[in-house]
Amino acid sequence: SIWHVTTGHRIKVGVIDTGIDFSHPDLRHSVSRGINLLVRSMLPHDDNGHGTHIAGTIAAANRLQGMIGVAPRSLIHPVKAFDHNGTAFVSDIILGIEWCVRHRMDVINMSFGMKKRSKALLTAVMNAYNAGVIIVASSGNDGKNKSIDYPARFPQTVSVGATNKLRRIAPFSNRGSLIDIYAPGDKIVSAWLRGNYNEMSGTSMATSHVSGAIALLLAHRPGLSPAEIKAILKKSTQPLRGSKAPRRTGELDIARMMQAAAQT
């Protein structure tokens, strides 16, 4: 198992989302300090479920009876920019990115997207990139061939599409040349509010798989730049299945990723 080599130990993952369920038994050991941008005096408690689901896939750690995430020893820093409906102001997302850069996150998970290009958001993304923080973002769930959501569309992010259990592109996933990598995003079970679990599908779920993989990589090879990480990911994918599958991009393969890193 890859966990003999790396568990993502102490890699800091900023999750800009709806917050986190602090009391979830599978997340208790994985959560570190964050911020609630909606109510600054409060902890970033999750009142939606989405953020907890994302955090579980990245870093859940409860071997006995719960679930285990991709990078169980990594640390989730929840940044609550989204309300109970799962909506946010772009200005709060930008503040969230700035918080992550200031507090030296290694990875920022952005399991959300928007149709409109924001210059201010691009500036925040570029500042993170230049500070050595890798941003992983969802391509969107419109089943489109040529366009993907922002911020995934910015070249300074890793844009993620979703596959299903058959290693085919999930029907809902955006696809095409703007996608950097695909990862499992169909019927993903992860942590939910009040210690529960929930099955969700979306490029959001695929994004959290990639953030977890990058945490594994960075714990093993600290100091890789965002450009190096993106290059390693892109050259170590597994081919997708299906007659229309693109040849240039493939699915996340953690073992191959670690091999590619050894050659970098």
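We now turn to the structure provided with this report. Each residue is numbered by its place in its chain's sequence as written, counting from 1. This being a predicted model, a pLDDT of at least 70 is required before a residue's local features are given, and a value of 80 or more before pairs of side-chain atoms are given or counted; all residues contribute to the totals for chains, interfaces and linings. Side-chain numbers come from the whole structure's heavy atoms, not from hydrogens or water.

Some words on the overall build of the protein chain
Point 1. A run of DSSP states H or I qualifies as a helix once it reaches four residues; a run of E qualifies as a strand once it reaches two. Both are numbered from the N-terminal end. A count of helical and extended segments in the protein chain gives 6 helices and 9 strands.
Point 2. The quantity called the radius of gyration is restricted to C-alpha atoms. Its globule counterpart is 2.2 Å times the number of residues to the power 0.38. Since a compact globule built from 264 residues should have a radius of gyration of about 18 Å, the 16 Å found for the protein chain is in line with a globular shape.
Point 3. Under the scheme applied here, a residue whose accessible area is under 20% of the maximum for its type counts as buried, over 50% as exposed, and between as partly exposed, the area being computed with a 1.4 Å probe on protein chains only. Residue burial in the protein chain is summarised as follows: out of 264 residues, 57% are buried.
Point 4. Summarising the internal contacts of the protein chain: among those between residues at least 6 apart in sequence, 71% fall at separations of at least 24.
Point 5. For the protein chain, the accessible surface area stands at approximately 11,600 Å², while carbon and sulfur atoms represent 52% of it. Contacts are assigned to residue pairs with any non-hydrogen atoms lying within 4.5 Å of each other. Accessibility throughout is a Shrake-Rupley quantity obtained with a 1.4 Å probe, and a residue counts as covered only by protein chains that appear here.

Notes on the packing of aromatic side chains
Point 1. Stacked, edge-to-face and tilted labels apply to pairs of Phe, Tyr and Trp rings (six-membered ring for Trp) whose centres lie within 6.5 Å, assigned for plane angles under 30 degrees, over 60, and everything in between, in that order. Here the structure, examined in full by the defined rule, presents 2 aromatic pairs.
Point 2. Relative to F112, the ring of F82 lies with its centre 4.9 Å away and its plane at 45 degrees, an arrangement referred to as tilted. Placement of the pair is F82 in the loop between β3 (75-80) and α2 (90-102) and F112 in the loop between β4 (107-110) and α3 (119-130), with a sequence separation of 30 residues. Note on accessibility: F82 and F112 belong to one class, buried.
Point 3. Taken together, a centroid distance of 5.1 Å and an interplanar angle of 45 degrees make the contact between Y150 and F154 tilted. Across the pair, F154 and Y150 agree in class, each one buried.

A look at the pattern of salt bridges
Point 1. Salt bridges are counted wherever a side-chain nitrogen of Lys or Arg sits within 4 Å of a carboxyl oxygen of Asp or Glu. Summed over the entire model, instances satisfying the criterion amount to 7 salt bridges.
Point 2. Of the charged contacts in the structure, one is a salt bridge between D47 and K80, with a shortest N-O distance of 2.9 Å. Of this pair, D47 sits in the loop between β2 (35-36) and α1 (50-59) while K80 sits in strand β3, and the two are 33 residues apart along the sequence.
Point 3. Between K115 and D149 there is a salt bridge, and its shortest N-O distance comes to 2.6 Å. Of this pair, K115 sits in the loop between β4 and α3 while D149 is found in the loop between β5 (134-138) and β6 (157-163), placing the two residues 34 residues apart along the sequence.

Some words on the environment of H29
Point 1. When you line up the elements, H29 lands in the loop between β1 (12-17) and β2.
Point 2. Through-space distance from the C-alpha of H29 to that of N196 is 16 Å; in sequence the pair is 167 residues apart.
Point 3. Setting aside its immediate chain neighbours within four residues, H29 contacts A61 and L75.

Overview of helix α4 (residues 203-220)
Point 1. A helix is expected to span 1.5 Å multiplied by its residue count minus one. The terminal C-alpha atoms of α4, which comprises 18 residues, lie 26 Å apart, in line with the 26 Å expected from a rise of 1.5 Å per residue.
Point 2. Counting buried residues in α4 gives 16 out of 18 residues, a clear majority hidden from the surface.

Details of the side chain of D253
Point 1. Residue placement: D253 occurs in the loop between α5 (226-235) and α6 (254-262).
Point 2. Two residue types count as positive, namely Lys and Arg, and two as negative, namely Asp and Glu; His and chain ends fall outside the count. Lacking a salt bridge, the buried D253 has R256 as its closest oppositely charged neighbour, with an N-O distance of 4.4 Å.
Point 3. Think of a polar contact as two N or O atoms within 3.5 Å of one another; within protein, one of them needs to be a possible hydrogen donor and the other a possible acceptor, and neighboring residues in sequence only count if both atoms come from side chains. Polar contacts involving the side chain of D253 include one to the main-chain amide nitrogen of R256, which spans 3.1 Å.
Point 4. With near-sequence residues (within four places) excluded, D253 lies in contact with S236 and Q238.

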